[in-house]
Amino acid sequence: MVDPQMVMYEEEFNHIQVVCDKLVRDANALVVFIVDKNGQLIATSGEYEHLDTTSLASLTAGNIAATGGMAKLLKENEFATQFHEGEHQNIHIQIVGQRVILVVIFDERSSLGLVRLRVRKATAELDRIFESLLRKVQDPGTPSPFAEITDDDIDNLFND
Amino acid sequence: MSFINYSSREINCKIVYYGPGLCGKTTNLQYIYNRTNPDAKGKMISLATETERTLFFDFLPLSLGEIRGFKTRFHLYTVPGQVFYDASRKLILKGVDGVIFVADSQIDRMEANIESLENLRYNLQEQGYELDNLPYVVQYNKRDLPNVASVDELRELLNITMAPDFEAISTTGQGVFDTLKAVAKAVLTDLKRGS
Ligand SMILES: Nc1nc2c(ncn2[C@@H]2O[C@H](COP(=O)(O)OP(=O)(O)OP(=O)(O)O)[C@@H](O)[C@H]2O)c(=O)[nH]1
Ligand SMILES: [Mg+2]
C-alpha cells in the first residue's frame, strides 16, 4: 500500500551522516550514499564532488526497483544485496529496512570482503535510525511545514 | 511520495509522464531540458533502446524555486509506452506525486490512448492509488498533425473527469510548460491540503 510520507529531520540526518562518514573511513570507500527507494538522495559522504549524485540516486532506485520486480516473479522477497564489479571501481548496494538503499563505491584500495563487513554494521545502525524516524513521522503530533503555505506562495513560484 | 527534508530544507516531488508508445513523453522532457537554465536542472537520463524508444525511463531533476524557505525540486519521469513494458511502467509509478497523461491526438492512435489510460488506472490501483485522487493533468499532443481528433472528442474519450487539460505540440514546445506547471501546482496544493 501507499507508504507514509517520507520526511527527514535535522537530528536523524546528522546521525545518518555520521554513519556514512564512518563507513567511508572504515571501508576505505570512495563514496557512500543513501537513497530512498523512490530515488531521492538522503545523504552523501566521501569524494563525491565530481559525481552526479542526483542521477546516481535515480538510477540506483531504478535498479533496485527492477531487481525487486525480478524477485517478485521468482517469489523471492527481495534481493537485498547487489554487487557490480568494474575495471577500476565497484559498487555495493544494500537495502536497509524496507525503504532505503545504501550504496558504497570503492576501488582497489578496499575489497569486497571489507566492504561487506562494514556495510553489515552500518546497516544495523541505519536500521535503528530509520525506524525511529518512521515513528516520528507517523506521530500525528508532528506538524507539517505545508500547513502554513498559501495559494499565493504556490502561485508565486510560477510567476517568472 | 513527496520527500520533505528539514535538514537540507528541500521538498522533492515525483511527476510521471504516462501515455501510449510514441505519444511524445520523451519529447516533452527533452524540450523542458533544453529550455531550462543550467542551474535549475540536472542531467537528463534516458534509458532507451537503439531506436530511441524508452526502455525503462527518462529522468530529469528540476528546481522550481523556494516556498517559505524550502527549495522545491521536481523529479520528472517518463514511462515506456510500448505495451509489453508494463512491468517497468508499474515500477516507475511507485512513489508518484502527480501524473501527466500524454495523449496522441491522431485519430488512429485513439485506441492506444484509451488502452494506456486504462492501464494507468489499473497500475495505480495495484499500488494503492486512485487516479481521481491524485494530482493529474491531461495533454493532447501532436496538435500539428493533419489527422487529429477534435479536442471535444478527446475530452469525451480520455478526460471524463475533467482534469485540467492542454493542447500541445511537444516538438516545438507549445503547451509543454503549461502542462508541467499545472501538475506541479496541483502537487503542491495537494501537499498543503494533506498537511
Ligand atoms: N509532429 C509531431 N511529432 C511529435 C510530437 N511530439 C512528439 N513527436 C514525435 O513522435 C515521436 C515519438 O516521440 P517520443 O517522445 O519518443 O515518444 P514517447 O512517448 O517517449 O514513446 P515511448 O518511449 O515509446 O513510450 C518522435 O519522432 C517525436 O519527434 C508533436 O507534437 N508533433
Ligand atoms: Mg519515451
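Just so we're clear, the structure is a prediction, and the values are computed from it rather than from any experiment.

S.K.: Help me out: how do you make sense of helix H4 (residues 151-158) of chain B in this one?
M.R.: Quick reminder: α-helices carry 3.6 residues per turn. Residues three or four places apart thus point the same way. Residue and element names in this part refer to chain B. Of the positions making up H4, those classed as buried are Val151, Leu154 and Leu158. Relative to the axis of H4, the buried residues are bounded by an arc of 60° and lie together on one face. Away from the buried face of H4 by more than 90 degrees, exposed residues Asp152 and Glu156 are located. The inward-facing, buried residues of H4 abut strand S6 (98-104), helix H3 (110-126), strand S7 (136-141) and strand S8 (165-167).

S.K.: Would you take a moment to explain the packing of helix H1 (residues 10-26) of chain A against helix H3 (residues 112-138) of chain A for this structure?
M.R.: How two helices pack is summed up by the angle between their axes together with the distance between the axes. Residue and element names in this part refer to chain A. Direction vectors running N to C along H1 and H3 enclose 180°, while the axes themselves pass 10 Å from each other. With respect to each other, H1 and H3 are oriented roughly antiparallel. Counted together, Glu11, Glu12, His15, Ile16, Val19, Lys22, Leu23 and Asp26 of H1 and Leu114, Arg118, Val119, Lys121, Ala122, Glu125, Leu126, Ile129, Phe130, Ser132, Leu133 and Lys136 of H3 form the full contact between these two elements.

S.K.: Honestly, the side chain of Thr36(B) in this entry has me stumped. Any pointers?
M.R.: Its place among the elements puts Thr36(B) in the loop between helix H1 (25-34) and strand S3 (45-48). Each residue touching Thr36(B), except ones within four places of it in the same chain, is listed here: Lys41(B), Leu62(B) and Phe177(B).

S.K.: It is not clear to me how the packing of aromatic side chains should be interpreted in this structure. Could you clarify?
M.R.: For any pair of aromatic rings, the description rests on two quantities: the centre-to-centre distance and the angle between the ring planes. Residues and elements named next belong to chain B. One pass over the structure, following the stated rule, counts 8 aromatic pairs over all chains. Judged by centre distance (5.9 Å) and plane angle (90°), the ring pair of Tyr6 and Phe70 falls under edge-to-face. Of this pair, Tyr6 sits in the loop between strand S1 (3-5) and strand S2 (10-18) while Phe70 is found in strand S5 (residues 70-78), placing the two residues 64 residues apart along the sequence. Assigned by exposure class, Tyr6 and Phe70 land together as buried. On the numbers, 6.1 Å between centres and 65° between planes, the contact of Tyr31 with Phe177 is edge-to-face. Here Phe177 lies in helix H5 (residues 176-194) and Tyr31 lies in helix H1, a separation of 146 residues in the sequence.

S.K.: Looking at this model, I keep getting lost on the pairing of strand S4 (residues 54-67) of chain B. Mind explaining?
M.R.: Two faces belong to every sheet, and in a regular strand the side chains alternate between them. All names here are of chain B. Both S3 and S4 contribute to a ladder of 3 bridges, which runs antiparallel. In the strand pairing of S4, Ala48 is matched with Thr54. Linkage of S3 to S4, two consecutive antiparallel strands, is achieved through a turn of 5 residues, within which Glu52 is found at a positive phi near 65°. Strand direction decides the pairing type here: S4 and S5, joined by 9 bridges, are antiparallel. Note on S5: the bridge partner recorded for Pro61 is His75.

S.K.: What is the right way to read the coordination of the magnesium ion (ligand 2) from this model?
M.R.: Around the magnesium ion (ligand 2), the donor atoms from the protein are Thr26(B) (OG1) and Thr54(B) (OG1), and they sit 2.0 Å away. Remark: Thr54(B) occurs in strand S4 and Thr26(B) occurs in helix H1; sequence separation between them is 28 residues.

S.K.: Would you mind going over the layout of surface pockets with me for this structure?
M.R.: Picture a little ball the size of a water molecule; that probe, rolled over the atoms, points out where space is still empty. Of the voids in this model, the largest pocket is the one considered here, and its volume is about 1200 Å³. Around the largest pocket, the lining is made up of 37 residues, and of these Ala65(A), Lys72(A), Leu91(B), Lys94(B) and Gln127(B) lie nearest the centre. Among the elements of the structure, helix H2 (53-73) of chain A together with S4 and helix H2 (86-93) of chain B are those that each provide at least two residues to the lining of the largest pocket. The leading source of residues in the lining of the largest pocket is H2(A), at 11 residues. The class makeup of the residues in the lining of the largest pocket is 17 nonpolar, 10 polar and 10 charged.

S.K.: Honestly, H3(B) in this entry has me stumped. Any pointers?
M.R.: Residues and elements named next belong to chain B. The terminal C-alpha atoms of H3, which comprises 17 residues, lie 24 Å apart, in line with the 24 Å expected from a rise of 1.5 Å per residue. Considered for burial, the residues of H3 that qualify are Met110, Ala112, Asn113, Ser116, Leu117, Asn119, Leu120, Asn123 and Leu124. Lining the buried residues of H3 we find S2, H2, S6, S7 and H4. At the exit of H3 stands Gly128, carrying a positive phi of roughly 90°.

S.K.: Is there a simple way to think about the site of ligand 1 in this case?
M.R.: Residue and element names in this part refer to chain B. Near ligand 1 you find 19 residues, and of these Lys25, Thr26, Thr27, Arg53 and Gly81 are the closest. A distance of 2.5 Å separates an oxygen atom of ligand 1 from a polar side-chain atom of Thr27. The contact in question runs from a nitrogen atom of ligand 1 to an N or O atom on the side chain of Asp144, over 2.8 Å. Protein chains shield 80% of the accessible area of ligand 1, which is 650 Å² for the free molecule. Tallied by class, the residues present in the shell around ligand 1 amount to 6 nonpolar, 9 polar and 4 charged.

About the thresholds
Residues numbered from 1 in each chain as written. Chains lettered and ligands numbered in written order. Predicted model: local features only at pLDDT ≥ 70, side-chain atom pairs only at ≥ 80, totals over all residues. Heavy atoms only, no water. Buried < 20%, exposed > 50% of the residue type's maximum accessible area, 1.4 Å probe, protein only. Helix = DSSP H or I, 4+ residues; strand = E, 2+ residues; numbered from the N terminus. Arc of directions from axis to C-beta. Contact = heavy atoms within 4.5 Å. Axes fitted to C-alpha atoms, helices over the stretch in contact; angles between N-to-C directions. Parallel < 35°, antiparallel > 145°, perpendicular 65-115°, else oblique. Phe/Tyr/Trp six-rings, centres within 6.5 Å; stacked < 30°, edge-to-face > 60°. Pairing = 2+ DSSP bridges. Donors = N, O, S within 2.8 Å, 3.2 Å for Na, K, Ca; no water. 1 Å grid on protein atoms, 1.4 Å probe; cavity = no way out; pocket = protein on both sides within 12 Å on 5 of 7 lines; lining within 4 Å. Points joined across faces, edges and corners; volume = space filled by probe spheres on them. Nonpolar A, V, L, I, M, F, W, Y, C, P; charged D, E, K, R; others polar. Expected span 1.5 Å × (residues − 1). Near = heavy atom within 4 Å. Polar contact = N/O pair within 3.5 Å; in protein donor to acceptor, adjacent residues only side chain to side chain. Areas by Shrake-Rupley, 256 points an atom, 1.4 Å probe, with all protein chains shown as cover.

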